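# Overview (structure and organization)
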Amino acid sequence: MKFSEFETDAGPLIEAYEPGQVRIQGQDYRGSLAVTAGQVLNDWGPPQFEALAPAHFEALAALAPQVVVLGTGARQRFPEPALYAVLLAQGIGVEIMDTGAACRTYNILAGEGRRVVVALISDA
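Description of the structure in this document. (Residues numbered from 1 in each chain as written. Predicted model: local features only at pLDDT ≥ 70, side-chain atom pairs only at ≥ 80, totals over all residues. Heavy atoms only, no water.)

Moving on to the pairing of strand E3 (residues 27-30). Bridge analysis of strand E2 (residues 21-24) against E3 gives 4 bridges, and the strand direction is antiparallel. Each bridged residue has a counterpart across the sheet, and for Val 22 the counterpart in E3 is Tyr 29. Hairpin connection from E2 to E3: 2 residues lie between these consecutive antiparallel strands, with Gln 25 at a positive phi of about 50 degrees. (Pairing = 2+ DSSP bridges. Helix = DSSP H or I, 4+ residues; strand = E, 2+ residues; numbered from the N terminus.)

Following this line, the structure appears as structure tokens:
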């Protein structure tokens, strides 16, 4: 799925998504990753949803976002709240959705200048 282009100073935006891959600033990324306005962390995450651990969310909290958008692959899946409790304890919002919706939501929030991190779990 290719996303519409728009002008913004938000940093790297997600240009396209297909299962197991996203395109950011013309570069294709495979596997789980996290994206902020300032960086792409292609070593962020677990190889699959079932491997999510508190340490993955601690790494996201260290980026000091207002909100974390978690993309869980082709379908929306909810991790145990204890896994992301560190985010909630710091007042960081958590939104959980399928990866396509997470990519679109990240682009909107980043375009608005919000401190957002999108964490995408590979579904391939």
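What follows continues from the structure just given.
Bringing the nonpolar core into the picture now. Counting residues in hydrophobic clusters, the biggest one holds 20 residues, and the most contacted among them are Ile 14, Val 22, Tyr 106 and Val 118. Of all the secondary structure elements, the ones that give two or more residues to this core are strand E1 (14-18), E2, strand E4 (33-35), strand E6 (67-71), helix H3 (99-111) and strand E8 (116-120). Setting aside residues up to four positions removed in sequence, Tyr 106 forms contacts with Pro 12, Leu 13, Ile 14, Val 35, Thr 36, Ala 37, Val 116 and Val 118. If you look at the next biggest cluster of nonpolar residues, it comprises 18 residues, including Ala 34, Val 68, Val 94 and Ile 96. (Core = buried A, V, L, I, M, F, W, Y, C linked by side-chain atoms within 4.5 Å. Buried < 20%, exposed > 50% of the residue type's maximum accessible area, 1.4 Å probe, protein only. Contact = heavy atoms within 4.5 Å.)

Our next topic: the pattern of salt bridges. Should their charged atoms come close, side chains of opposite charge can pair. Inspection of the entire model under this criterion finds 2 salt bridges. Of the charged contacts in the structure, one is a salt bridge between Arg 77 and Glu 50, with a shortest N-O distance of 2.5 Å. Here the residue Arg 77 occupies a position in the loop between E6 and helix H2 (85-89), and Glu 50 occupies one in the loop between strand E5 (40-41) and helix H1 (54-61), the gap between them amounting to 27 residues. (Salt bridge = Lys/Arg side-chain N within 4 Å of Asp/Glu carboxyl O.)

So, about unusual backbone geometry. Even without a glycine there, the phi angle at Gln 25 is positive, about 50 degrees. Examined against the element boundaries, Gln 25 turns out to sit in the loop between E2 and E3. The backbone phi angle of Ala 64 is positive, close to 55 degrees, even though this residue is not glycine. By secondary structure assignment, the location of Ala 64 is in the loop between H1 and E6. When its relative accessible area of 43% is taken as the criterion, Ala 64 is described as partly exposed.

The values are spatial; any link to function lies outside them.
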